[in-house]
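An overview of the molecular structure
Take a look at the letters that make up each chain.
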Amino acid sequence: MTCTTCPYCGVGCGVIATPGDESAPNRLRIEGDPDHPANQGRLCVKGAALAETVGLEGRLLRPLMRDDDGQAQTVSWDRALDRVATDMRRIIDQHGPEAVAFYVSGQLLTEDYYVVNKLVKGWLGTANIDTNSRLCMSSAVAGHKRAFGEDLVGGNYQDLEEADLVVLVGSNTAWCHPIVYQRLMQSRRERPEKRIVVVDPRRTATCEQADMHLPVKAGSDVWLFNGLLTYLEEHGVVDTGFVANHTGGAAEALAVARADGGRLEAVAKACGVPVAQLQAFYALFARTRKVVTVFSQGVNQSSSGTDKVNSIINCHLFTGRLGEPGMGPFSITGQPNAMGGREVGGLANTLAAHLELDEPAHRQLVQEFWGSPSIAREPGLKAVDLFDAVHDGRIKALWVMATNPVVSLPDADRVREALRRCELVVVSDLFADTDTAAEARVVLPALGWGEKDGTVTNSERCLSRQKAFLPSPGEAKPDWWAVSEVARRLGFEGFGFEQPHQIFDEHARLSAWRNDDDGMRRAFHIGGLAGLDAEGYDRLRPCQWPVPQAGEHTPRLFQDRRFFHGDGKARLVPTAPRAPVNAVDDEFPLVLNTGRIRDQWHTMTRTGRAPRLASHLPEPFVEMHPYEAMLCGVQDGALVRVASRWGAMVARLRCTADQPRRTVFVPIHWNDQRASDARVGALVNPVVDPLSGEPEFKHTPVMVSPFPVDWHGVVYSRSPLQFEGSEAPAYWVCIQGDGFLRYELAGRGRLEEPHQWSRSLLGFEQQPQWLEVGEDSAGDYRAAALAEGRLLACAYLSPRAELPSRSWLNRLFGKERVSEADVVGLKLGRSVDPADDVGATVCSCFSVGRNTILDAIRDNGLTSVEGVGRCVSAGTNCGSCQPEIRALIEEARLAEGA
Ligand SMILES: Nc1nc2c(c(=O)[nH]1)N[C@H]1C(S)=C(S)[C@@H](COP(=O)(O)OP(=O)(O)OC[C@H]3O[C@@H](n4cnc5c(=O)[nH]c(N)nc54)[C@H](O)[C@@H]3O)O[C@H]1N2
Ligand SMILES: Nc1nc2c(c(=O)[nH]1)N[C@H]1C(S)=C(S)[C@@H](COP(=O)(O)OP(=O)(O)OC[C@H]3O[C@@H](n4cnc5c(=O)[nH]c(N)nc54)[C@H](O)[C@@H]3O)O[C@H]1N2
Ligand code: SF4
Ligand SMILES: [Mo]
């Protein structure tokens, strides 16, 4: 039994992992850690499905090198590391250190992150190291620094529970931070007077139980919060003492807020919400002292992201609502170690231990501490610019670690092109077949979750251990080790680390070093954790920084009303609102908004392997208002093409009135390994916030058009299928099942020989039992392959979109032996027993389908989510499907009435 931390979102839940015993060695048990402060025993479905994602299938187990023709061969670590070091040395000698860059990730452990930053900033002497946190938290970082003088999140999750009003801005908390959402809902059940407001252009699952949803126009948040600031002032809701003694800039911030249409009508117009609703929100905020404003990517990922952040913080500073229980602005982090990355200065414009690159005294402090030969003199290139520099040849060597930029950066086709032009691309990943690793010269096998050892810090500054409880597979190594080995090969001292606790110790000591000196004081201080030996490090329990002395930790910052600008005060920042950079026009009339779905993590390299997680929303999709769909001539359930000036993709249309008019929403997850053409990053405009450099992921002008196809198909196979050249269907998506892969297909033109085509696709030239119902009069083709009663494969092709029930086929593929009735069903293309069709999965934790829930509601007259839970278990574990269950209850009620 090992206490560790979940590798997914920034909630940072404690996990207890118990490897299987002798009878079932592969059966890893995963439970929530009841003693972890973040989750107190709970886990969401992604955490609960962790055991399904640690298998070794597809893992890269030895270093890989590719030659000029793209031929890959596995090599020894020595050879791979020598190659990386030699090429880097040559490039540096010829072109200087700025020709080398690193692109790392908030999914590295703090120790990995620390070492790679030390190498780049302290020894290579460049700051060309940026991280995917640039795409995620950098606007929050920039906003915090402007407001507080340091990148600080003062509050904690308990504040959300204690607040009387929680405003969720640009955050789909129910899906993206499910355990925080559960805690919030639990606190509301205990105190029904508590209010929850969601600010989001879409009506998301998070809105389901909110008291108010403000469907603001994309990009209009600064107007909203400037309007609020003006309202607060006009209504005398100001903490004058606090503003006078502990802040600066109030007058300037107010002047700008007022100047730019602080009036209700103007704000309502700019935000596209009714005046009455706006007034109700402002009044609620004004009269509630205990307010927490949670913000996330609807705020950060914007060309005015930093201003959005400060416009929110301004309202809290003006009313003195921070630093006490139940109040404050709260930036919720995305990745498991977004916060840890900031502690070690992972961004191209920061230095280790919350010190600043552009402060000469800070640079000197770090250089002295490291005893390094040089230190970066100026900020390096931020992610989008960094890949531009790769594209135009200024950067000639790039090492990418724990991130998949060919999928996740804006203008992603250009990113791929940049990698293809680059002399040396090194990728450290768990898998050799990610869209990014596929472009690398050298691919280094990293240890993954359950194998690696180190620390992470969550949204509430809580530092916890991630521990190894599985053996290191093959020759995979920790990322810090690979970096240290290259450093040594480059002849650098200071990288003699043998175990992660040594790195952690150095990091902790640096945080304390001269922390009390004039001009050096910073809140980030974990000196109390310095000096831990391996055993002490293993015993480390979750704690919230600052930890200046052993045993002391800090659940809440700013209680002393001291901030970290030179004068110890906070700043209100004038934020003049501005519209997103690229406006819609006749050619690209719709706004593309992108984000996450409940059961997938980013580019799906891990969650895509868990059958349980694949079942909720198995196919890439585009959400659109039904009326807008009509105007575009596209139909619900059909394939559509979405195109922008930067790129295009194909996915299935889902019409929903939850999506505002003139906009579409596309999830970020699908990559080129899982689908023919569904990388939404290819479409996203590479516009960034001028201060933070964070991309405008939530706003790209696009057009939507039909993607006509002539046939549809679903194919199940026990092994991966290869679609080659002209044989490839126009559309395919690969969905992980339990012991099989399911392919949804669609193609153009007439499939001349479906028999030949499916046989060669499935690789069954001589199959023991091949049930085939050739093409019938309606043009349907059905075939299935069995061996000793077990299904090996099946293929259903049709000119119409109606194909056999997938939940039924999933079940048949789960059987060791199919029955005679099943065989009849396979030939008919439908089950002979209608009860077999449980419908699409709603509850992933217990694999409960839509039809099962609807039947239970109808048969038992259920009217509540709790009732459904008691009856069929759905919604009783992580609870994130409860909004969908509620919708089904409503659907059943309406059907009953009709
Ligand atoms: N299931 C799941 N959970 C995750 C992740 C995952 O991949 N899958 N990733 C993690 C990571 S790294 C992150 S960063 C977080 C992100 O967590 P969230 O920020 O909650 O997630 P998103 O879906 O990116 O975006 C949030 C919302 O912003 C809204 N939005 C768009 N434009 C605007 C706007 O102009 N104003 C406002 N107010 N809202 C707007 C979108 O409609 C969307 O609903 O999730 C973390 N948790
Ligand atoms: N359109 C659009 N794009 C977005 C966003 C959006 O909202 N819209 N959101 C952005 C945000 S907030 C984020 S955080 C990014 C996330 O985007 P990415 O960081 O690109 O996504 P991941 O799939 O998490 O990539 C992590 C990679 O690291 C590998 N990996 C996992 N563990 C380890 C390890 O220990 N070591 C190593 N070396 N590798 C490991 C995984 O296999 C995977 O390939 O996407 C950004 N892109
Ligand atoms: S909320 Fe879910 S994904 Fe996030 S840390 Fe907790 S278990 Fe992991
Ligand atoms: Mo993120």
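Residues numbered from 1 in each chain as written. Chains lettered and ligands numbered in written order. Predicted model: local features only at pLDDT ≥ 70, side-chain atom pairs only at ≥ 80, totals over all residues. Heavy atoms only, no water.

1. A few points about the overall build of the chain
- Each helix and strand counted, the chain has 30 helices and 36 strands in total.
- A compact globule built from 898 residues would reach a C-alpha radius of gyration of about 29 Å, and the chain, at 27 Å, matches this within 12%.
- Once the C-alpha set of the chain is aligned to its principal axes, its extents read approximately 85 × 65 × 55 Å.
- For the chain, with 898 residues in total, the buried portion stands at 64%.
- A separation of at least 24 residues holds for 71% of the contacts in the chain among residues at least 6 apart in sequence.
- As displayed, the chain has an accessible area near 32,100 Å², and 48% of this comes from carbon and sulfur atoms. (Helix = DSSP H or I, 4+ residues; strand = E, 2+ residues; numbered from the N terminus. Rg over C-alpha atoms; globule rule 2.2 N^0.38 Å. Buried < 20%, exposed > 50% of the residue type's maximum accessible area, 1.4 Å probe, protein only. Contact = heavy atoms within 4.5 Å. Areas by Shrake-Rupley, 256 points an atom, 1.4 Å probe, with all protein chains shown as cover.)

2. Quick look at the sheet that holds strand 19 (residues 454-457)
- Here three strands make up an open sheet; going across it, the order is 19-20-21 and the pairing antiparallel. Two strands in the sheet have a free side with no partner beyond their single neighbour: strand 19 and strand 21 (543-544).
- Two elements, strand 20 (residues 462-466) and strand 21, share two bridges in a ladder whose sense is antiparallel. Looking at strand 21, one finds that C462 is bridged to Q544. (Pairing = 2+ DSSP bridges.)

3. Brief notes about the environment of G154
- By secondary structure assignment, the location of G154 is in the loop between helix 4 (138-148) and helix 5 (157-162).
- Beyond its immediate sequence surroundings of up to four residues, G154 is in contact with R461, P555, R556, L557 and F558.

4. A look at the site of ligand 2
- Surrounding ligand 2, one finds 32 residues, the nearest of these being Q107, S408, D429, K452 and T603.
- Note that a nitrogen atom of ligand 2 is positioned 2.8 Å from one of the side-chain N or O atoms of D479.
- In the environment of ligand 2, an oxygen atom lies 3.3 Å from a nitrogen or oxygen atom belonging to the side chain of W601.
- For ligand 2, whose unbound accessible area comes to 920 Å², protein coverage reaches 99%.
- Partitioned by chemical class, the residues of the shell around ligand 2 number twelve nonpolar, 14 polar and six charged.
- For the shell around ligand 2, the domains that each give at least three residues are domain 2 (64-136 + 337-544) and domain 4 (590-706). (Near = heavy atom within 4 Å. Polar contact = N/O pair within 3.5 Å; in protein donor to acceptor, adjacent residues only side chain to side chain. Nonpolar A, V, L, I, M, F, W, Y, C, P; charged D, E, K, R; others polar. Domains from an automatic or database assignment.)

5. Digging into the packing of aromatic side chains
- Under the defined criterion, the tally for this structure stands at 25 aromatic pairs.
- Look at Y231 and Y282: their rings are 5.4 Å apart centre to centre, the planes differ by 55°, and that puts the pair in the tilted class. Placement of Y231 in helix 8 (residues 221-234) and of Y282 in helix 12 (residues 275-287) is noted, with a sequence separation of 51 residues between them.
- By way of ring pairs, the aromatic residues Y114, W123, W370 and F495 are connected into one cluster.
- The ring of F495 has K118 sitting right over it, with the charged end atom 5.3 Å from the ring centre.
- The ring of W481 has K477 sitting right over it, with the charged end atom 4.8 Å from the ring centre. (Phe/Tyr/Trp six-rings, centres within 6.5 Å; stacked < 30°, edge-to-face > 60°. Lys NZ or Arg CZ within 6 Å of the ring centre and 35° of its normal.)

6. Thoughts on the site of ligand 1
- In the region of ligand 1, 34 residues are neighbours, and D200, G219, S296, R596 and Q600 sit closest.
- In this structure, V199 approaches ligand 1 through a main-chain N or O atom, which is 3.1 Å from a nitrogen atom.
- Here R596 contributes a side-chain N or O atom positioned 2.6 Å from an oxygen atom of ligand 1.
- Within the complex, the protein chains bury 99% of what would otherwise be the 910 Å² of accessible surface of ligand 1.
- Grouping the constituent residues of the shell around ligand 1 by class yields ten nonpolar, 16 polar and eight charged.
- When residues of the shell around ligand 1 are assigned to domains, at least three fall in each of domain 3 (138-331) and domain 4 (590-706).

7. Thoughts on helix 20 (residues 479-489)
- Most of helix 20 sits inside the fold, with nine of its eleven residues counted as buried.
- Turning to helix 20, its buried residues number three or more, namely D479, W480, W481, A482, V483, S484, E485, V486 and A487.
- Against helix 2 (77-95), helix 3 (110-124), strand 16 (397-401), strand 17 (424-429), strand 18 (442-445) and helix 21 (500-512) lie the buried residues of helix 20.
- Phi turns positive, to about 85°, at G491, one or two residues after helix 20.

8. Some remarks on the pairing of strand 16
- Extensive coverage of strand 16 is indicated by the burial of five of its five residues.
- The two faces of strand 16 match: A397, W399 and M401 on one face and L398 and V400 on the other face are all buried.
- In terms of strand pairing, strand 6 (residues 100-104) meets strand 16 through four bridges, oriented parallel. Along strand 16, the bridge assignment pairs A101 with L398.

9. Concerning the domain arrangement of the chain
- When cut into domains, the chain gives domain 1 (2-53), domain 2 (64-136 + 337-544), domain 3 (138-331), domain 4 (590-706), domain 5 (711-836) and domain 6 (841-897).
- On a C-alpha basis, the centroid separation for the pair domain 2 and domain 4 is 30 Å.
- Taken together, the 21 residues of domain 2 in the interface contact 25 residues of domain 4.
- In total, about 1,900 Å² of surface goes out of reach between domain 2 and domain 4, with carbon and sulfur atoms giving 51% of it. (Buried area = accessible area lost by both parts, 1.4 Å probe.)

10. Considering the pairing of strand 20
- With respect to burial, strand 20 is a largely interior element, five of its five residues being buried.
- With burial as the criterion, each face of strand 20 is covered, one bearing C462, S464 and Q466 and the other bearing L463 and R465.
- Inspection of the sheet shows strand 19 paired to strand 20 by four bridges, in the antiparallel sense. For T455, the partnering residue across the bridge sits in strand 20 and is R465.
- In sequence, strand 19 turns back onto strand 20 through a hairpin of four residues, with R461 there showing a positive phi of about 65°.

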